[in-house]
Amino acid sequence: MALLAAERPEEVQALFDVADGIRRRYVGDDIYLRGLIEFSNVCRRSCLYCGLRAPNAKVERYRMPIAEIVETAERAYHLGFRTVVLQSGEDPWYTVERMCEIIRSIKSRVDLAVTLSIGERPREEYAAMKEAGADRYLLRHEAADAGLYASLHPDLRYEERLRCLRWLRELGYQVGAGSMVGLPGQTLEMLAKDILILRELEVDMVGIGPFIPNPETPLGSAPRGSVEMTLKMVALARIVTREALIPVTTALASIDPLGREKAFLAGANVVMPNVTPLKYRAEYRIYPNKACLTDDAEHCQGCLALRIASVGRRIGTGYGHSPRHERLASGQGQRREGYGQHA
Ligand code: SAH
């Protein structure tokens, strides 16, 4: 909380520098690119902050056909990506059978790691999708304070969210959690909880972005989260997890043109360019004024290569799997390295 409260520029910079040093020491200079495919904006949930919430009649809903999702993944592979992230609202049309078909088709055609970000599902479905070849799963915990969580999610329960995260771990996924910064009613203590839960869950990946009010939601007139507090949270996530894969979030890039560079210098080591076909992109409106809404994947790569070079880093060429997970898979993982120890 003291670090989150720090305001003197030297202090804040010192926090970023410590995080940057830990990032260099534990995960090196590689920045991994993940191709993000937003394959459906249909959602059965009513999360107060999100533009895809079921009651929002102003978004035109789309579902990408299975063949098009697979083709988009193939295109991402040929552009040089080694991971695709399949993200959607909680859309029941994509049954576990359909999801498994998508995962298997991608895996049989190209050599890609597949990350899912499709919300809460029964354990058996997570198991089937893992069996079909999925490698990673992103399920942000959103807000680790139970009261705040309840106030934002009329149809979700925090314990259920944690239960899903535990299942995913048990099933052998590389697991990502994370949260939003600047939510209405959020205190420094709640933000500190968001950091501590990362350590408790021993996550492989962490997504932290600013809350951006969406006028098509009940929180439309709330103020947005700050760039600086988001960067402090990214830095603390790096310090606490040591070797997690931490993306610069689209939300941060959307509110600060140099948000990506700043996050790369405060602990982040992943970026997730949007490879969704342009005709769908504007309708995946979680929040307004999303970055890169009209940039095609080719343009995006040039832009990112420059940004990455500008902070003295390089694009990682491998899959960019979680080091913690790789150790566990090779049977040397019992040491919980990187968590809770102090350098
Ligand atoms: N349905 C999936 C994917 C959610 S979209 C799931 O439930 O996991 C990805 C993330 O966008 C969410 O986890 C949330 O943290 C973030 N998000 C949603 N609305 C937002 C907003 N208004 N501002 C910033 N981030 C938002």
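Before reading on, note that the structure itself is shown above.
Residues numbered from 1 in each chain as written. Predicted model: local features only at pLDDT ≥ 70, side-chain atom pairs only at ≥ 80, totals over all residues. Heavy atoms only, no water.

**Student:** Help me understand the overall build of the protein in this model?
**Tutor:** Looking only at helices and strands, the protein features 14 helices and 10 strands. Taking 343 residues into account, the globule formula puts the C-alpha radius of gyration at 20 Å, and the protein, at 19 Å, falls close to it. Within the protein, the proportion of its 343 residues that are buried is 59%. Across the protein, contacts joining residues at least 24 apart in sequence account for 77% of those joining residues at least 6 apart. (Helix = DSSP H or I, 4+ residues; strand = E, 2+ residues; numbered from the N terminus. Rg over C-alpha atoms; globule rule 2.2 N^0.38 Å. Buried < 20%, exposed > 50% of the residue type's maximum accessible area, 1.4 Å probe, protein only. Contact = heavy atoms within 4.5 Å.)

**Student:** What's the story with the environment of Ser-88 in this structure? I'm lost.
**Tutor:** Checked against the element boundaries, Ser-88 lands in strand β3 (residues 83–88). With relative accessibility at 10%, the residue Ser-88 sits in the buried group. Sequence separation between Ser-88 and Leu-52 is 36 residues, and the spatial gap between their C-alpha atoms is 9.3 Å. Not counting the four nearest positions on each side in its chain, Ser-88 is found in contact with Phe-39, Ser-40, Ser-117, Ile-118 and Tyr-284.

**Student:** Before we go on, may I ask you to explain the nonpolar core in this structure?
**Tutor:** Side chains of nonpolar character tend, in soluble globular proteins, to be buried together. Counting 106 residues, the largest nonpolar core has Leu-86, Leu-116 and Met-129 as its most contacted members. Broken down by element, this core gets its largest block of residues, 9 residues, from helix α9 (residues 227–241). For Leu-86, the contacting residues outside a window of four places in its chain are Ile-37, Phe-39, Ile-69, Met-99, Ile-102, Ile-106, Val-114, Thr-115, Leu-116, Ser-117 and Ile-118. Grouped together as the second largest cluster of nonpolar side chains are 8 residues, Val-85, Leu-138, Met-205 and Met-272 included. (Core = buried A, V, L, I, M, F, W, Y, C linked by side-chain atoms within 4.5 Å.)

**Student:** I would appreciate a short explanation of the sheet that holds strand β8 (residues 247–248) in the present structure.
**Tutor:** Hydrogen bonding along the main chain pairs the strands of a sheet, whether they run parallel or antiparallel. Here we have 4 strands laid out as an open sheet, ordered β8-β9-β1-β10, and parallel in their pairing. Each of the sheet's edge strands pairs with one partner strand only, and the pair in question is β8 and β10 (314–315). Looking at chain direction, strand β1 (residues 30–33) and strand β9 (residues 270–271) are connected through 2 bridges and run parallel. When the bridges of β9 are listed, Tyr-32 appears paired with Val-270. (Pairing = 2+ DSSP bridges.)

**Student:** Got a minute to help me understand the sheet that holds strand β5 (residues 136–138) in this structure?
**Tutor:** On the basis of which strands lie adjacent, the open sheet formed by 6 strands has the order β2-β3-β4-β5-β6-β7 and parallel pairing. Single-partner strands in this sheet number two, and they are β2 (35–40) and β7 (205–210). On average, each strand axis in the sheet is tilted by 20 degrees relative to the strand beside it, whichever way the strands run. Taken together, the 3 bridges between β5 and strand β6 (residues 174–181) define a ladder with parallel strand orientation. Within β6, the position partnered with Leu-138 by the bridge is Gly-176. Packed onto the sheet, helix α4 (residues 96–109) meets β2, β3 and β4 (113–117) and runs at close to 155 degrees relative to β4. (Axes fitted to C-alpha atoms, helices over the stretch in contact; angles between N-to-C directions.)

**Student:** Sorry, what's going on with the pairing of β3 here?
**Tutor:** Two faces make up the sheet, and in a regular strand the side chains alternate between them. Among the 6 residues in β3, 6 count as buried, and that is most of the element. Here β3 shows a buried face lined by Thr-83, Val-85 and Gln-87 and a second buried face lined by Val-84, Leu-86 and Ser-88. For the segment spanning β2, helix α3 (residues 66–78) and β3, crossover handedness is right-handed. As defined by bridge partners, β3 adjoins β4 across 5 bridges and the pair is classed as parallel. (Right-handed = clockwise from strand over helix to strand, strands pointing away.)

**Student:** Would you mind going over the pattern of salt bridges with me for this structure?
**Tutor:** Side-chain pairs of opposite charge can arise whenever the charged atoms involved come near each other. Evaluated as defined, the whole model comprises 27 salt bridges. Among the ionic pairs, Lys-193 bridges to Asp-145, the shortest N-O distance being 2.7 Å. Taken together, the residues Lys-193 in helix α8 (residues 188–201) and Asp-145 in the loop between β5 and α6 (146–152) connect sequence positions 48 residues apart. Exposure remark for Lys-193: the relative accessible area of 33% places this residue in the partly exposed category. Classification of Asp-145 by relative accessible area gives buried; the value is 12%. (Salt bridge = Lys/Arg side-chain N within 4 Å of Asp/Glu carboxyl O.)

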